[in-house]
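Below are the chains, spelled out letter by letter.
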Amino acid sequence: MKRPRITLSPRQVLDDIAFCLVFFTRLPLPVFDFRGRSLAAAIWAAPIAGLVVGLIGAIVFATAERFGLAIGPSAALALVATVLTTGCLHEDGLSDVADGFGGGKSRGRKLEIMRDSRIGAYGATALALSLLIRWSTLSELTDPTQALFALVAAHAASRGMLGAFMHLLPPARSDGLSADAGTVSLEMAIAGTVLGAIPLLLLGSGGAIAALILLGLLFAAFHALCLNQINGQTGDTVGALQQLSEIAVLLVASVALS
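Reading the values: the criteria
Residues numbered from 1 in each chain as written. Predicted model: local features only at pLDDT ≥ 70, side-chain atom pairs only at ≥ 80, totals over all residues. Heavy atoms only, no water. Axes fitted to C-alpha atoms, helices over the stretch in contact; angles between N-to-C directions. Helix = DSSP H or I, 4+ residues; strand = E, 2+ residues; numbered from the N terminus. Parallel < 35°, antiparallel > 145°, perpendicular 65-115°, else oblique. Left-handed = near helix turned anticlockwise from the far one by under 90°. Contact = heavy atoms within 4.5 Å. Buried < 20%, exposed > 50% of the residue type's maximum accessible area, 1.4 Å probe, protein only. Phe/Tyr/Trp six-rings, centres within 6.5 Å; stacked < 30°, edge-to-face > 60°.

A.B. asks: Just give me the short version of the packing of helix α4 (residues 71-86) against helix α7 (residues 121-139), but keep the residues and values in it.
C.D. replies: Axis separation between α4 and α7 bottoms out at 8 Å; the angle between their running directions is 130°. Judged on the interaxial angle alone, α7 and α4 are oblique. By crossing handedness, the relation of α4 to α7 is classed as right-handed. From α4, Ile-71, Gly-72, Ala-75, Ala-76 and Leu-79 reach across to α7, where they touch Leu-131, Arg-134, Trp-135, Leu-138 and Ser-139.

A.B. asks: A description of unusual backbone geometry should follow, citing residues and the corresponding values.
C.D. replies: Phi angles above zero are rare outside glycine, and Cys-88 is one such case at about 55°. Tracing the backbone through its elements, the reader meets Cys-88 in the loop between α4 and α5 (89-103). By relative accessible area, which is 36% here, Cys-88 ends up partly exposed. Phi at Asn-231 takes a positive value of approximately 60°, unusual for a residue other than glycine.

A.B. asks: Explain the packing of aromatic side chains to me, and be specific about the residues and the numbers.
C.D. replies: Here the structure, examined in full by the defined rule, presents three aromatic pairs. Pairing Phe-165 with Phe-219 gives two aromatic rings, centres 6.0 Å apart and planes at 90°, and the pair type is edge-to-face. Of this pair, Phe-165 sits in helix α9 (residues 162-168) while Phe-219 sits in helix α12 (residues 204-230), and the two are 54 residues apart along the sequence. For the pair Phe-165 and Phe-219, one class covers both residues: buried. Among the aromatic residues, those joined into a cluster by ring pairs are Phe-165, Phe-219 and Phe-222.

Listed below in C-alpha cells is the structure:
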C-alpha cells in the first residue's frame, strides 16, 4: 500500500522554522503559538536553525578580523557567539553523555548519571576537547569567507542528522525531552538530512563528499554505541551527536578550505 505523502502549508513551514529557532537557540524571538506542533514534526527545519547559528558565528568572526584581531582570537570569539546563541544546549548533552557512558556500569546507572546536572571528569574533558578542536579548526582558516562557509556547513549539517537519529533509535526513557518530542517520521528525517547536507557544497565537491562519508561513519558508530550503552537515545545523546558532527565537518573544512 502506497504511503501518503506529507505536505506542509506555507504557514506550517514558517511555524516549523520558528519552532526550531525557539528550541535550538536563545535568540530574543517573539512569542509564538505552537499548539498542535511538536519537535518531531518540526525537526526537518533544524538545519535552518543551524544555519542561523553559523551565520552569527561568521559575522562575529568577520567583525573581529575587521578590527585587526588575528585569526585565533577571531575564531575564539566566533565560538563564544555560537555557544551563547544556543545556550550551550548541545554542549550540555555532550558532557552528560561522556559522564554517563564513561562512568556508569549499568544501563540504569548511565541514564541516572546523564540526568544529574553536575559535571564529572569525563564530561569536563569532553567539553574541553570539543572547544579545543573547534577552535583549532577555525584557526586554520585564513579569511572570513572561509569561516562563513565552514560554520554554516558545520552547524546546518550537524543538525540535519538529528531527525534521522531520533527516527532510527527509540527513546531510552519513557519520560524526558526525547520521549516528549514525539516520533519522527521517515519523511521528516529524510527532509532534515537532505536540507542539512546542501550547505556542505560550500566546502567544494571534494569537501562535501568527504564530509558526507565522515558523517555517515560517525552516525553509524554513534548509533551502535547508544544501542550498546543505553539501548536507545535521549535528548543528551542527540546533543552529543550534534557536537560530534559539527566537529567532523569543521575538520573537513579546515582541509578543504585552507
